[in-house]
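Residues per chain, in single letters:
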Amino acid sequence: MRIVLVLLCFFASLASAGAADLKLLTAGAYKPVALALVPEFEKRTGHKVTIETDTAGNLGRRVGAGEYFDIVVIPPLVLGPYLGNRIVESSAKELANVGIGVAVKQGAPLPDISTVDAFKKSLLAARAVAYIDPASGGSSGIYLDKLFAKLGIAAQIKPKAVLVRGGLVEAKVANGEADIGLQQKSEIPVVPGAVLAGPLPLDIQHFTPYSGGASVASRNPAAADALLRELADPKNLPVLKKLGLSEP
């Protein structure tokens, strides 16, 4: 019995030694996918993954400032400058695409967003419109700010804009601060009390790609690479579709 216990402790120590603690930084639009895929990865490998979320712009600044991480998931435009210095260049992988959706409070009438003109009228009729503050570096907020100017409604939207700095826009809809919320489609179902009314009209839709990369400073490069390969596995397509994203 003593020998058996010794052997069990020995093998347990080996398993523990092979397990890694990984830090995954991800933009909010990809977080639902990470939350769906990571538990099975942890169960199968024994590794533990801590997921931290921020806007794409803020994540880029954090990576550039030298913050420790193992994997980061952000748009390629933000990822690119760090390839070869902060991120292993050969590790970069395309993971998903996501468009912008329109959120309303659960039970509220759905706005007409079937055409560009109808979308404009619905925004102008709303008491308040919530979206990510462009200054925080959120991809959807940056695009929407330019879109409102292009549509000629920037001046009307400005006084009723509810700007969210690195959070969930739908929370402002759910608690009644805004009638309409605009954010990456995959983030809208996360907040109870908010529902997806639909995507932006195709003529003005904006799809943001998301890519992943491994840190050159990872203390567990093999485990980090395994996590990134898990996120990039083509078998994840049903998960992406279910959560409002599409394949890269």
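Before going into details, it helps to say that this report is about the structure given with it.

Criteria and cut-off values
- Residues numbered from 1 in each chain as written.
- Predicted model: local features only at pLDDT ≥ 70, side-chain atom pairs only at ≥ 80, totals over all residues.
- Heavy atoms only, no water.
- Pairing = 2+ DSSP bridges.
- Helix = DSSP H or I, 4+ residues; strand = E, 2+ residues; numbered from the N terminus.
- Axes fitted to C-alpha atoms, helices over the stretch in contact; angles between N-to-C directions.
- Contact = heavy atoms within 4.5 Å.
- Phe/Tyr/Trp six-rings, centres within 6.5 Å; stacked < 30°, edge-to-face > 60°.
- Buried < 20%, exposed > 50% of the residue type's maximum accessible area, 1.4 Å probe, protein only.
- Lys NZ or Arg CZ within 6 Å of the ring centre and 35° of its normal.

### A word on the sheet that holds strand β6 (residues 129-132)
Here comes step 1: Read across the sheet, five strands follow the order β7-β6-β8-β5-β9 without closing on themselves; strand pairing throughout is mixed. The sheet is open, and its two borders are formed by β7 (161-164) and β9 (194-199), each paired with just one other strand. Each adjacent strand pair in this sheet contributes to an overall mean axis angle of 30°, direction not counted.
Here comes step 2: Examined bridge by bridge, strand β5 (residues 100-105) and strand β8 (residues 180-184) share four bridges and lie antiparallel to one another. The partner of Val102 across the bridge, within β8, is Leu182.
Here comes step 3: Docked against the sheet, helix α5 (residues 116-125) engages β5, β6 and β8, running at close to 125° with respect to β8.
Here comes step 4: The strands touched by helix α6 (residues 139-151) within the sheet are β5, β6 and β8, with β6 carrying the most contacts at an inclination of about 125°.

### Some details on the pairing of β6
Here comes step 1: Where β6 and β7 come together, four bridges link them in parallel fashion. What sits directly across from Ile132, in β7, is Val164.
Here comes step 2: The pairing of β6 with β8 spans three bridges and is parallel. Looking at β8, one finds that Val129 is bridged to Ile180.

### Overview of the environment of Pro76
Here comes step 1: Along the polypeptide, Pro76 turns up in helix α4 (residues 76-79).
Here comes step 2: Separated by 21 residues in sequence, Pro76 and Thr55 place their C-alpha atoms 14 Å apart.
Here comes step 3: Discounting chain neighbours no more than four positions away, the residues touching Pro76 are Pro209, Tyr210 and Ser211.

### Let's talk about the packing of aromatic side chains
Here comes step 1: For the structure shown, the criterion picks out one aromatic pair.
Here comes step 2: Ring centres of Tyr131 and Phe148 lie 5.3 Å apart, and the angle between their planes is 80°; on these two criteria the pair is classed as edge-to-face. Within this pair, whereas Tyr131 is found in strand β6, its partner Phe148 is found in helix α6, the two being separated by 17 residues in sequence. Exposure class is identical for Tyr131 and Phe148. Each is buried.
Here comes step 3: The ring of Tyr68 carries the charged tip of Arg219 above its face, separated from the ring centre by 3.9 Å.

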